[in-house]
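# Results of the structural survey
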Amino acid sequence: MRHVVYSDLPALTTLLNAPDVRGEYLTNAIHSPIELERNLNADGMVSDALVWFVIVEPPGGTVIGTIWHFKAVPYFNAREIGYTLSNEYRGRGFVTEAVRLLVRYLFDSTLVNRLEIRLDTRNEASEKVAIKSGFQKEGISRGANFVRGQYVDMNVYALLRGEVGS
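Quick caveat, the model's predicted, so the values are computed rather than measured.

Reading the values: the criteria
- Residues numbered from 1 in each chain as written.
- Predicted model: local features only at pLDDT ≥ 70, side-chain atom pairs only at ≥ 80, totals over all residues.
- Heavy atoms only, no water.
- Helix = DSSP H or I, 4+ residues; strand = E, 2+ residues; numbered from the N terminus.
- Rg over C-alpha atoms; globule rule 2.2 N^0.38 Å.
- Buried < 20%, exposed > 50% of the residue type's maximum accessible area, 1.4 Å probe, protein only.
- Contact = heavy atoms within 4.5 Å.
- Areas by Shrake-Rupley, 256 points an atom, 1.4 Å probe, with all protein chains shown as cover.
- Pairing = 2+ DSSP bridges.
- Polar contact = N/O pair within 3.5 Å; in protein donor to acceptor, adjacent residues only side chain to side chain.
- Core = buried A, V, L, I, M, F, W, Y, C linked by side-chain atoms within 4.5 Å.

Before going further, it helps to examine the overall build of the chain. A count of helical and extended segments in the chain gives five helices and seven strands. Ordered by position in the sequence, the α and β elements of the chain form the string β-α-α-α-β-β-β-α-β-α-β-β. Computed over C-alpha atoms, the radius of gyration of the chain comes to 15 Å, within 12% of the 15 Å expected from 2.2 N^0.38 for 166 residues, which places it in the range of a compact globule. Overall, the chain is about 40 × 40 × 35 Å in size when its C-alpha atoms are taken along their principal axes. Relative to its 166 residues, the chain shows a buried fraction of 42%. Partitioning the contacts of the chain with sequence separation of at least 6, the portion at a separation of at least 24 is 58%. Just so you have it, the chain exposes about 9100 Å², and 54% of that area is on carbon and sulfur atoms.

Within a regular strand, the side chains alternate between the two sheet faces. Burial analysis of strand S2 (residues 50-57) places six of its eight residues in the buried class, which makes it a mostly covered element. In the sheet, S2 pairs with strand S3 (residues 62-70) via eight bridges, with the strands oriented antiparallel. Among the inter-strand pairings, tryptophan 52 is bridged to a residue of S3, identified as tryptophan 68. Count of turn residues in the S2/S3 antiparallel hairpin: four residues, of which glycine 61 carries a positive phi of about 75°.

Right, let's get into helix H3 (residues 33-43). Count 3.6 residues to each turn of an α-helix, and residues three or four apart come out pointing the same way. One side-chain oxygen at the N-terminal end of H3 lies 3.0 Å from the backbone nitrogen of isoleucine 34; it belongs to serine 32. Backbone geometry just after H3 places glycine 44 at a positive phi near 70°.

On to the nonpolar core, then. A general trend in soluble globular proteins is that nonpolar side chains are found buried together. Ranked by size, the top nonpolar core spans 26 residues in total, and within it Ile67, Ile81, Val99, Ile117 and Phe135 carry the most contacts. Discounting chain neighbours no more than four positions away, the residues touching isoleucine 67 are Met1, Val51, Trp52, Phe53, Ile55, Ile81, Gly82, Tyr83, Ala98, Val99 and Leu102. Of all hydrophobic cores here, the second largest spans 15 residues; its members include Leu9, Leu15, Trp52 and Val56.

Shape descriptors only; they carry no functional weight alone.
So, in structure tokens, the structure goes:
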């Protein structure tokens with residue numbers, strides 16, 4: 001896992017826009033390569049609102065996924081984590097490892113007390129990532145996301161600073 005660099009932009013654009021990577025649980029947002037380059041130029045894709053990382057496969061550093069964190073609820077001392085991964089790399093622990101690294105980084109370097117993962121209730125693979133990373137299910141947000149023409153329910157998982165390692 002590392003910050004985005006200019007040489008990542010072609011792979012990142014392809015990854016973010018691939019319908020099969022986004023799967024049936026994420027919205028069909030289209031990311032323009034010009035928009036991504038503009039964001040990289042503006043702030044390195046690191047701001048208070050949103051921070052992007054790429055997940056890379058060693059040793060070559062091939063971009064295989066993305067992970068990001070953002071301020072979802074303005075009045076919470078919390079960040080939400082999201083992620084995607086190329087289909088051919090799924091089920092091998094890359095996302096779980098990236099989430100664990102990001103959790104450690106955020107709790108070690110910021111004052112944030114709460115991390116959240118919100119996921120479509122049908123997304124069993126993402127739910128396994130949340131559980132393996134130590135997050136606890138807090139409930140379901142009914143009709144909280146609009147995906148492919150319908151409102152879907154979202155599981156809410158959270159991890160507090162004091163729960164890490166417990």
